[in-house]
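What the coordinates show
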Amino acid sequence: MVAVGKDNASYIDKVKKELGRSRTKEFSAHNSKAHCVAWNCTGKYIASGSLDKTAIVQSFKDERLSREFSLKGHEDAVDQIAWHPSDPNMLSTVSTDKTLRLWDIRTPQKTVACITTKGEVINMTWKSDGSTIALGNKDDLVCFVDYKTHKIISDKQFDFEVNEIGWNNTDQHFYLTSGNGSIHITEYPSLEPLLQIPAHTAHCICLKFSPDKEHFATGGADALINIWDASELSYLTSYSRLEWPVRTLSFNHDGRLLAAGSEDLVIDIAFVETGEKVATVSCNAFPFCVAWHPSQNLLAYVTDDKSKHNEKHSRDSDKTTGCVKLFGL
């Protein structure tokens, strides 16, 4: 058991009080389920992608989201969305239509580029310098797209199930979570294997690095959340308060809180160093994606809302379809 020092205890107490007073607000965004949500690097804008084939960009001001742009062009559901790490106007989306699209929200009427992907992409991440976008598809192929040329510059087929992917704290290594419960660490850009770390007793599904990249977290089908020291590659703590496979993770702006979602109707918020529960967010449906604001303790999330076009249910539940939720207001 990890000891909690005075500074940590003070931080935990402060955050528990802050989040304990917080409420959740819902903001309309889409006509159907929203699959993904992400803040830009300044926290001024938030973007979401949906089954309705659009990405919606909203501005955040005075504790409210206001719809700014609808990014149209994909021919199927928008499954993943990610902003450029340092340019607040640029973002990328991938869709079931097997394309990656780049957008500049200063000219939202058209895409900057549309790149055909090799298969259906299920995971996307940016290199920290913004030079490269990594894509992982359903067939366990990982490819890299050059941001400036909009070309696929390399790819590699893996012989194991590849789930979430990402660069480490130096961008010299590339991490893959796998169906055998391990974290696979490879050399970048060759993707030659360096190390395989057993992490979960079932599928290792998700991977997230803290903003300072000092820690990373993994979530698995065993319902465990593991937190690691990124430099030493040493295990720090593990906890399991969720009953279903962990599918989405997000560190807050100072890297000391971790939000986790599964098919449970709650989002778990923990203190990173010890795994202690700090708050629980109740959901009306299981969360697809969680995302902390880049400078404050404000958590955005989207859930598996019922589609008002396809399913019969109450008028009240219709109101939540395709919404972006904010907790921490």
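This section reports on the structure supplied with the text. (Residues numbered from 1 in each chain as written. Predicted model: local features only at pLDDT ≥ 70, side-chain atom pairs only at ≥ 80, totals over all residues. Heavy atoms only, no water.)

What follows is about unusual backbone geometry. Look at the link from Tyr188 to Pro189: it is a cis peptide, with omega at 15°. The residue Pro189 is located in the loop between strand S16 (182-187) and strand S17 (193-198) in this model. Not every positive phi belongs to a glycine, and Asp62 is a case in point at roughly 55°. Considering the arrangement of structural elements, one finds Asp62 in the loop between strand S4 (55-61) and strand S5 (64-71). Look at Asp62 and you get exposed, because its relative accessible area is 65%. Not every positive phi belongs to a glycine, and His150 is a case in point at roughly 65°. As for its position among the elements, His150 is in the loop between strand S12 (141-146) and strand S13 (152-157). (Helix = DSSP H or I, 4+ residues; strand = E, 2+ residues; numbered from the N terminus. Buried < 20%, exposed > 50% of the residue type's maximum accessible area, 1.4 Å probe, protein only.)

Formed by 18 residues in total, the largest nonpolar core has its most connected members in Leu19, Leu257, Ile267, Ile269 and Leu299. Broken down by secondary-structure element, the contributors of at least two residues to this core are helix H1 (6-20), strand S23 (257-261), strand S24 (266-271), strand S25 (277-282), strand S26 (287-292) and strand S27 (299-303). The element best represented in this core is H1, accounting for 4 residues. Counting residues in each nonpolar core, the second largest holds 16 residues, with Trp39, Cys289, Ala291 and Val324 among its members. (Core = buried A, V, L, I, M, F, W, Y, C linked by side-chain atoms within 4.5 Å.)

Moving on, we come to the packing of aromatic side chains. Within the structure shown, the criterion is met by 16 aromatic pairs. Ring plane angle 80° and centroid distance 5.4 Å describe the contact between Trp167 and Tyr188, whose orientation is recorded as edge-to-face. Taken together, the residues Trp167 in strand S14 (residues 162-167) and Tyr188 in the loop between S16 and S17 connect sequence positions 21 residues apart. Comparing Trp167 with Tyr188 shows no difference in burial state: the two are buried. Aromatic pair Phe216 and Trp228: ring centres 5.9 Å apart, planes at 5°, arrangement stacked. Residue Phe216 is located in strand S19 (residues 215-220), and its partner Trp228 is located in strand S20 (residues 225-229); the two are separated by 12 residues in the primary sequence. Of the two residues, Phe216 and Trp228, both sit in the buried class. Ring pairing ties together the aromatic residues Tyr175, Phe209, Phe216, Trp228 and Tyr235, which thus form one cluster. One residue, Arg256, lies across the ring of Tyr11, its end atom 4.0 Å from the ring centre. (Phe/Tyr/Trp six-rings, centres within 6.5 Å; stacked < 30°, edge-to-face > 60°. Lys NZ or Arg CZ within 6 Å of the ring centre and 35° of its normal.)

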